[in-house]
Amino acid sequence: MINGVPVQEHYRDASHQFASAKEGIWLFMATEILMFGGLFVGYLIFHMKYPEMFAEGAQFLDWRLGFINTLVLIFSSLTMALGIYFCQINQPKKAVGALAVTILCGAIFMVIKYFEYTHKFHMGIFPGRMLDLEMLNHHLHEMGKPAIVSTNLGMYFGFYFCMSGLHGIHVILGMCMISWCLYRCMRGDFNPNYYTAVEGVGIFWHIIDLVWIFLFPLLYLVG
Amino acid sequence: MSAANHNSANDNHGHDEHHIMPLATYYKVAGALFVLTFLTVGFHQLHEFLGPFAALIAFSIAAVKAFLVMAWFMHLKYDKLSNRIIFGAGFVFLALLFGITIMDIYTRITVNSVL
């Protein structure tokens, strides 16, 4: 322990350790951009190829739910940033509160996602070849809406479930890691000289917000 | 040249590795993000009038929001230059993928008149 920082022996000093940790996180974030970016490019290609089919698929998404989720995620990003801030100014109790609110926001996001997903499953909407067009058309007929024309509608929902699902997995993992930070914060591990874990998890949580900032207009608004 | 000056100025600013931003800055950034989200949805109500510009407006607002999150929430504004280059490299290669893909789509449409 040097000034409250548990410096591992393979580092010169606390700042060397902090800089290395941050560099690792940023390398990880670059791979995240490339992973989600690939899906965005795929969406662009097939949207250009089958514009009518994508428009037919997009009508099943309710932008109001996406809008609420956007507000929830932005608020959670704020509370995450505040969690780091309160660690920096040595107020661990407030930091625990901010982190708890962040986890709660993640949970609200996932509950809304759960309702969106189950509603789609109920109508027979599944990704790719699993999409049950007969069942979906039956539901549309009952609702007095025209039947689906595109036979390859499953492709749109392949993109929808892959992109929002991969994002959802990130939210769940982020919630787990924030819980770990919250536990360590309650245990008194962090101080103004040492809060590396909260900082790193915070950057991960913000990238979840960053991806959603582009996913929301792509899926819910532009279609 | 001005970009280089800008970077070195930020570097000096961020030399203190545990840079603490004032609380008010976080609230301002979050406020701006909320306003921009409402703006996105507001423009969406006009999408029938805007036509193809609706997508352009939605993604331009998203880009501004992304910048706010990266610069202040992720503390990149005060981070080391090397970390900004690492993260920026992800976007550079993504832009490359986007660029080549769009060229491919464009040339296919001009040659075959279908994608």
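Basis of the calculations
Residues numbered from 1 in each chain as written. Chains lettered and ligands numbered in written order. Predicted model: local features only at pLDDT ≥ 70, side-chain atom pairs only at ≥ 80, totals over all residues. Heavy atoms only, no water. pLDDT = per-residue confidence, 0-100. Contact = heavy atoms within 4.5 Å. Helix = DSSP H or I, 4+ residues; strand = E, 2+ residues; numbered from the N terminus. Buried < 20%, exposed > 50% of the residue type's maximum accessible area, 1.4 Å probe, protein only. Phe/Tyr/Trp six-rings, centres within 6.5 Å; stacked < 30°, edge-to-face > 60°. Core = buried A, V, L, I, M, F, W, Y, C linked by side-chain atoms within 4.5 Å. Domains from an automatic or database assignment. 1 Å grid on protein atoms, 1.4 Å probe; cavity = no way out; pocket = protein on both sides within 12 Å on 5 of 7 lines; lining within 4 Å. Points joined across faces, edges and corners; volume = space filled by probe spheres on them. Nonpolar A, V, L, I, M, F, W, Y, C, P; charged D, E, K, R; others polar. Salt bridge = Lys/Arg side-chain N within 4 Å of Asp/Glu carboxyl O. Buried area = accessible area lost by both parts, 1.4 Å probe. Polar contact = N/O pair within 3.5 Å; in protein donor to acceptor, adjacent residues only side chain to side chain. Axes fitted to C-alpha atoms, helices over the stretch in contact; angles between N-to-C directions. Parallel < 35°, antiparallel > 145°, perpendicular 65-115°, else oblique. Left-handed = near helix turned anticlockwise from the far one by under 90°. Expected span 1.5 Å × (residues − 1). Bend = angle between axes of the 7 residues up to and from the residue.

### Focus: the confidence of the model for chain B
- In the predicted model, chain B carries a mean pLDDT of 87, and 86% of its residues have values of at least 70.
- This model gives residues 1-15 of chain B a pLDDT under 50, and the stretch forms 11 contacts once residues within four places in sequence are excluded.

### Notes on the environment of A:F159
Residues and elements named next belong to chain A.
- Note that F159 resides in helix α6 (residues 153-187).
- Assessed through its relative accessible area of 13%, F159 is described here as buried.
- For F159 and H170, which are 11 residues apart along the polypeptide, the C-alpha to C-alpha distance reads 16 Å.
- For F159, the residues in contact, after removing those within four places along its chain, are L39, G42, Y43, F46 and F54.

### Regarding the packing of aromatic side chains
- By the definition in use, this model includes 31 aromatic pairs over all chains.
- The interplanar angle of 85° and the centroid separation of 5.2 Å between the aromatic rings of A:F67 and B:F38 together place this pair among those described as edge-to-face. Of this pair, A:F67 sits in helix α3 (residues 63-88) while B:F38 sits in helix α2 (residues 23-45), each in a different chain.
- Under the relative-accessibility criterion, B:F38 is labelled partly exposed at 48%.

### Some points on the nonpolar core
- The biggest cluster of nonpolar side chains holds 96 residues, and the ones touching the most others in it are A:F60, A:Y156, A:F157, A:Y160, A:V198, B:F73 and B:F87.
- The leading source of residues in this core is helix α7 (residues 196-222) of chain A, at 18 residues.
- Both domains that meet at this core, namely domain 1 (1-10 + 20-79) and domain 2 (80-115) of chain B, each give it at least three residues.
- Residue contacts for B:F87: discarding those within four places in its chain leaves A:W26, A:M29, A:A30, A:I33, A:I207, A:L210, B:M70, B:M74 and B:L76.

### Section: empty space enclosed by the protein
- This structure, assessed with the given rule, holds 1 cavity of 30 Å³ or more.
- If you trace the largest cavity, you find it lined by A:V5, A:A14, A:Q17, A:F18, A:N193, A:Y194, A:T196, B:E17 and B:H18.
- Ranked by residue count, the leading element in the lining of the largest cavity is helix α1 (residues 14-49) of chain A, at 3 residues.
- Counted by class, the lining of the largest cavity contains 4 nonpolar, 4 polar and 1 charged residues.

### As for the pattern of salt bridges
- Inspection of the entire model under this criterion finds 7 salt bridges over all chains.
- Two residues, B:D104 and B:R108, come together in a salt bridge whose shortest N-O distance is 3.1 Å. With B:D104 and B:R108 both in helix α5 (residues 81-112) and 4 residues apart, this pair spans about one turn of that helix.
- A single salt-bridge network, built from bridges that share partners, covers A:K22, A:E199 and B:D79.

### What about the interface of chain A and chain B?
- Contacts between the two partners involve 49 residues from chain A, matched on the other side by 47 residues from chain B.
- Together, the buried faces of chain A and chain B total about 4300 Å²; carbon and sulfur atoms form 81% of this surface.
- Among the ionic pairs, A:K22 bridges to B:D79, the shortest N-O distance being 3.4 Å.
- At the boundary of chain A with chain B, the tally comes to 6 residue pairs in polar contact (both at pLDDT 80 or more).
- Going through the elements one at a time, α1, α3 and α7 of chain A are the ones with two or more residues in the side of chain A that touches chain B.

### Let's talk about unusual backbone geometry
- Its identity as a non-glycine residue notwithstanding, A:N90 has a phi of 60°, on the positive side.
- Here A:N90 is to be found in the loop between α3 and α4 (92-122).
- The phi dihedral of B:S113 is positive, around 60°, even though this residue is not glycine.
- Inspection of the secondary structure assignment puts B:S113 in the segment after α5.

### Some thoughts on the packing of α6(A) against α7(A)
Residues and elements named next belong to chain A.
- Running from N to C, α6 and α7 point in directions that differ by 155°, and their axes come no closer than 10 Å. Classified by the angle between their axes, α6 and α7 sit roughly antiparallel to one another. In the crossing of α6 with α7, the sense of the turn from one axis to the other is left-handed.
- Partitioned by chemical class, the residues of the contact of α6 with α7 number 21 nonpolar, 4 polar and 1 charged.

### As for α7(A)
Residues and elements named next belong to chain A.
- The terminal C-alpha atoms of α7, which comprises 27 residues, lie 38 Å apart, in line with the 39 Å expected from a rise of 1.5 Å per residue.
- The axis of α7 is deflected most strongly, by about 30°, at L215, and proline P217 appears within four residues downstream.
- Burial within α7 is extensive, with 25 of its 27 residues counted as buried.
- A positive phi of about 80° marks G223, the residue just after α7.

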